[in-house]
Amino acid sequence: MAIDTALYTATATATGGRAGTAESNDGRLKTTLSTPKALGGDDGAGTNPEQLFAAGYSACFIGAMKAVAGRQGKRLPAEVSITSDVGIGPMTGKAGAFGISVAMRISVPGMDRAELETLVATAHEVCPYSNATRGNVDVTLTVV
């Protein structure tokens, strides 16, 4: 599904693939990339695309939760946190192709569990990362 108008566009360039570098056009992100041993790499000191995706999706999902809560006249506590596990591996039934899975553990201290589960379900419908990956990524949301 396409967007009507881009309100913001992030631009970054990766060079050298999983054992290279990545940098945003404004210089705010500049990182060395390393391939994990599990993917045949040297497990160097750099980060990897799955870690970047996990951090970005977690942060974006919190933003979606805050937006949904705000529309309901509620405010989330500052302690809201999401830990995302992003897995990568071969896709079933698609020889040579790889896919990712995401498992999020969502914590909002002090919020009623049933209310939080409803908020999370609604946030999953509006979150840009959720919408971009829907149908292509196995996403599991768990309220802790």
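To start, this report covers the structure provided alongside it. (Residues numbered from 1 in each chain as written. Predicted model: local features only at pLDDT ≥ 70, side-chain atom pairs only at ≥ 80, totals over all residues. Heavy atoms only, no water.)

**With respect to the layout of surface pockets**
Considering only enclosed or pocket space, the second largest pocket measures out at about 150 Å³ in volume. Lining the second largest pocket, in full, are Tyr8, Thr9, Ala10, Thr11, Ala12, Ser24, Asn25, Asp26, Arg28 and Leu29. Residues that form the lining of the second largest pocket fall into these classes: four nonpolar, four polar and two charged. (1 Å grid on protein atoms, 1.4 Å probe; cavity = no way out; pocket = protein on both sides within 12 Å on 5 of 7 lines; lining within 4 Å. Points joined across faces, edges and corners; volume = space filled by probe spheres on them. Nonpolar A, V, L, I, M, F, W, Y, C, P; charged D, E, K, R; others polar.)

**A short note on the side chain of serine 24**
With respect to the helices, strands and loops of the structure, serine 24 is situated in strand S2 (residues 21-24). Judged by its relative accessible area of 11%, serine 24 is buried. Among the polar contacts made by the side chain of serine 24, one reaches the main-chain amide nitrogen of arginine 28 at a distance of 3.2 Å. Setting aside residues up to four positions removed in sequence, serine 24 forms contacts with Thr11, Ala12 and Leu29. (Helix = DSSP H or I, 4+ residues; strand = E, 2+ residues; numbered from the N terminus. Buried < 20%, exposed > 50% of the residue type's maximum accessible area, 1.4 Å probe, protein only. Polar contact = N/O pair within 3.5 Å; in protein donor to acceptor, adjacent residues only side chain to side chain. Contact = heavy atoms within 4.5 Å.)

**Things to note about the sheet that holds strand S5 (residues 98-107)**
Taken in spatial order, the three strands make up an open sheet running S4-S5-S6, and their pairing is mixed. Of all strands in the sheet, those bounded by a partner on one side alone are strand S4 (81-90) and strand S6 (138-143). The mean inter-strand angle of the sheet, taken between neighbouring strand axes irrespective of direction, is 15°. In the packing of helix H1 (residues 49-71) onto the sheet, the strands contacted are S4, S5 and S6, and the crossing angle to S4 comes to about 140°. Set on the sheet, helix H2 (residues 113-126) makes contact with S5 and S6; between it and S6 the angle comes to about 155°. (Pairing = 2+ DSSP bridges. Axes fitted to C-alpha atoms, helices over the stretch in contact; angles between N-to-C directions.)

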